[in-house]
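# Understanding the architecture of this molecule
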Amino acid sequence: MYLDQNHLLLNFISEIPKFIELQVGGEDNLHKLPIQQLQDELMQTMDILIEHRMEISPHQLVPLFRQANLAILNYFYLFRLQSVDVTMVQDFGNELVELYANFNRLQLLPFLTHNDNYDVDLAIETCQLREYFSELVYLLGKIGENKRAINLVIHKLDDAKLAIEFATRLKDQDTWDIVIDESMTRPHFIRQLIELSDLDESINQFYDPMTILNKLDVDKMGDMKDESEQLLKRSVMEYDSRQQLNQLINQIILRMILNKSQQVAQVLKDMLLRGIAVNFEDETDLTKRREWEQIVQRYEAIVL
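Residues numbered from 1 in each chain as written. Predicted model: local features only at pLDDT ≥ 70, side-chain atom pairs only at ≥ 80, totals over all residues. Heavy atoms only, no water.

### Comments concerning the pattern of salt bridges
Throughout the structure, instances matching the rule amount to 9 salt bridges. For R130, the salt bridge identified is with E98, shortest N-O distance 3.0 Å. One end of the pair, R130, is in helix 9 (residues 120-130); the other, E98, is in helix 7 (residues 93-103), with 32 residues separating them in the sequence. Using a relative accessible area of 25% as the deciding quantity, one classes R130 as partly exposed. Residue R186 pairs with D158 through a salt bridge whose shortest N-O separation is 3.9 Å. Of this pair, R186 sits in the loop between helix 13 (173-183) and helix 14 (187-199) while D158 sits in the loop between helix 11 (146-157) and helix 12 (160-170); the two residues are 28 residues apart in sequence, bridging distant segments of the chain. Judged by relative accessible area, R186 falls into the buried class, the value being 15%. (Salt bridge = Lys/Arg side-chain N within 4 Å of Asp/Glu carboxyl O. Helix = DSSP H or I, 4+ residues; strand = E, 2+ residues; numbered from the N terminus. Buried < 20%, exposed > 50% of the residue type's maximum accessible area, 1.4 Å probe, protein only.)

### Some thoughts on the side chain of N115
If you trace the backbone, N115 turns up in the loop between helix 8 (108-114) and helix 9. Here the side chain of N115 touches F111 through a polar contact of 2.9 Å, landing on its backbone oxygen. (Polar contact = N/O pair within 3.5 Å; in protein donor to acceptor, adjacent residues only side chain to side chain.)

### Looking at the packing of helix 11 against helix 12
Contact geometry of helix 11 with helix 12 gives a least axis separation of 9 Å together with a crossing angle of 165 degrees. When the interaxial angle is binned, helix 11 and helix 12 end up roughly antiparallel. Where helix 11 crosses over helix 12, the two elements pack in a sense that is left-handed. Here N146, A149, I150, V153, I154 and L157 of helix 11 come into contact with helix 12, specifically with L162, A163, F166 and L170. Grouping the constituent residues of the contact of helix 11 with helix 12 by class yields 9 nonpolar, 1 polar and no charged. (Axes fitted to C-alpha atoms, helices over the stretch in contact; angles between N-to-C directions. Parallel < 35°, antiparallel > 145°, perpendicular 65-115°, else oblique. Left-handed = near helix turned anticlockwise from the far one by under 90°. Contact = heavy atoms within 4.5 Å. Nonpolar A, V, L, I, M, F, W, Y, C, P; charged D, E, K, R; others polar.)

See the structure below:
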């Protein structure tokens, strides 16, 4: 750039937008040319502005480009600046939310999740206007609007996996109830719930296949009726098998405890018949009692 080479840039800050317009063949091209083409053509210019960021601060350039109705230049500039000196973009969180929403949505959600230097309410408004539901789900969850968030996942995104992940992360029964109730008319949601119940037993505290079975109206299942019924039957059978196995294991453990208790009782009986007094308050006998208690505690009920 001529101004940079001749050290005149500082004297013509207000004219920078005009120089950039000339560089791409006029203002119209800044609004019409593909973003990638503009980015390639203006890469050197942006690098120069970044290089002079201490002399010409972003607090000067960003309002300048905004007043010239050249938001695309702010996008190129702040995006490049963020990769070089993140501290210098801390005051432009709201600006970046708007710019990512307009020019690079793929970067919007990563920016929202990794930064806090933006107004959440403004970000929600920005995403609502554009119907960016994935980003809205994150933002609503961030401010505790979990019911609104889960309803967006279900009704707008129709994403069973995301709904289940959201409910799993919250560990909230009310959220799970919403997911389960809304799933009754969504076969792909039911399939995900059933499969997850088989794979992840940690969520059984919130629901199990029997919960779905009690709520399910197969007449509303449509083309997925047979498949969902098969999945449900398989899951219920596996759930029932686990319950029976748990019951069997606990019965075995109880018998072990009973046998050990009978052995201890027999020892005490034999000692009493031989005239040996047993005082559990004595240090020696107290130690034995603790040993017996530890033996009993070792055989706690196990749930698979």
